[in-house]
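Geometric and topological summary
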Amino acid sequence: MSHTPSTPAIPSRAGSALNWFEIPCADLDRAQAFYEAVLARPLHREDLGGGPMAVFPHDKPAPGGCLVAGPQRRVAPDAGVRPYLDCAPSLDAAVARVAGAGGTVLDACIELPHGIGFIAHVRDTEGNTVGLHTVQR
């Protein structure tokens, strides 16, 4: 009798591989000001028992994420997780706001194949590399 290993059923959220993301920062106020300026959207502060965080706007139950600060948070440019944040309606406008908000543009606009959209990579005020994405440039 042959034995076929089975894979346990893992609950999934159709349409999304991302449930939550955290972007580490040394200075929460500075990082929040950067992302609010670049994305032209407000973040809101919450404390869920682990210290303050600045939460990105998102429609529930869609995935969300936040900025987190603290000694246990490590910033690693060019390493670790790289979130891609929605910057609709305009990638070009978001990229244009990066330097004024204290960040650095690493690459301004890359067209993705198959109509997936456009991305740019930026370094935030905390040293993180972050992707920006829109479907239309």
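This report concerns the structure included in the present document. (Residues numbered from 1 in each chain as written. Predicted model: local features only at pLDDT ≥ 70, side-chain atom pairs only at ≥ 80, totals over all residues. Heavy atoms only, no water.)

1. Re the overall build of the protein chain
Stated precisely, the cut-off is as follows: A run of H or I in DSSP becomes a helix once it reaches four residues, and a run of E becomes a strand once it reaches two; helices and strands are each numbered from the N terminus. Residue burial is assigned from relative accessible area. The probe radius is 1.4 Å, only protein chains are included, and a residue is buried under 20% of its type maximum, exposed over 50%, and partly exposed in between. The contact criterion used throughout is that any non-hydrogen atoms of two residues lie within 4.5 Å. To be clear on the numbers: accessible area is Shrake-Rupley with a 1.4 Å probe, and residue cover counts the displayed protein chains and nothing else.
A tally of regular secondary structure across the protein chain gives 2 helices and 8 strands. When the elements of the protein chain are put in sequence order from the N terminus, they spell out β-α-β-β-β-β-α-β-β-β. Among the 137 residues that make up the protein chain, the fraction classed as buried is 35%. Counted over contacts in the protein chain with a minimum sequence separation of 6, partners at least 24 positions apart contribute 58%. Carbon and sulfur atoms make up 57% of the accessible area of the protein chain, which totals about 8,400 Å².

2. Let's talk about the sheet that holds strand β5 (residues 84–86)
Sheet strands pair via backbone hydrogen bonds, and the direction of the pair is either parallel or antiparallel. As a reminder, the rule being used: A pair of strands is treated as paired once DSSP finds two or more bridges between them. Each axis is a line fitted through C-alpha atoms, taken for helices only over the stretch in contact, and angles between the N-to-C directions span 0 to 180 degrees.
As summarised here, the arrangement of the 4 strands in space is β5-β8-β7-β6, forming an open sheet in which the pairing is mixed. The two strands at the open ends of the sheet, each matched to only one other strand, are β5 and β6 (104–112). Averaged over neighbouring strand pairs, the angle between their axes works out to 25° when direction is ignored. Note: strand β7 (residues 117–123) against strand β8 (residues 129–134), 6 bridges, orientation antiparallel. Looking across to β8, one finds that isoleucine 119 is bridged to histidine 133. Packing against the sheet, helix α2 (residues 91–98) makes contact with β6, β7 and β8, and its axis sits at approximately 170° to β6.

3. Thoughts on the environment of histidine 44
Counted only if it meets this: Between N or O atoms, a polar contact is any pair within 3.5 Å; within protein, one atom must be a potential hydrogen donor and the other a potential acceptor, and residues adjacent in sequence are included only when both atoms are from side chains.
Inspection of the secondary structure assignment puts histidine 44 in strand β2 (residues 44–47). Residue histidine 44 is classed as partly exposed on the basis of its relative accessible area of 36%. Taking the C-alpha atoms as reference points, histidine 44 and valine 55, separated by 11 residues in sequence, lie 5.3 Å from one another. There is a polar contact of 2.6 Å between the side chain of histidine 44 and the side chain of glutamate 46.

4. Some thoughts on the pattern of salt bridges
Stated precisely, the cut-off is as follows: By definition here, a salt bridge exists when the distance from a side-chain nitrogen of Lys or Arg to a carboxyl oxygen of Asp or Glu is within 4 Å.
Under the counting rule described, the total for this entry stands at 4 salt bridges. Note that arginine 30 is salt-bridged to glutamate 126, the shortest N-O span being 2.7 Å. Here the residue arginine 30 occupies a position in helix α1 (residues 28–39), and glutamate 126 occupies one in the loop between β7 and β8, the gap between them amounting to 96 residues. Exposure remark for arginine 30: the relative accessible area of 39% places this residue in the partly exposed category. You can call glutamate 126 buried: its relative accessible area is 8%. Among the salt bridges present, the one from aspartate 92 reaches arginine 137, with a minimum N-O distance of 3.0 Å. Taken together, the positions of aspartate 92 in helix α2 and arginine 137 in the segment after β8 put the pair 45 residues apart, joining distant regions of the chain.

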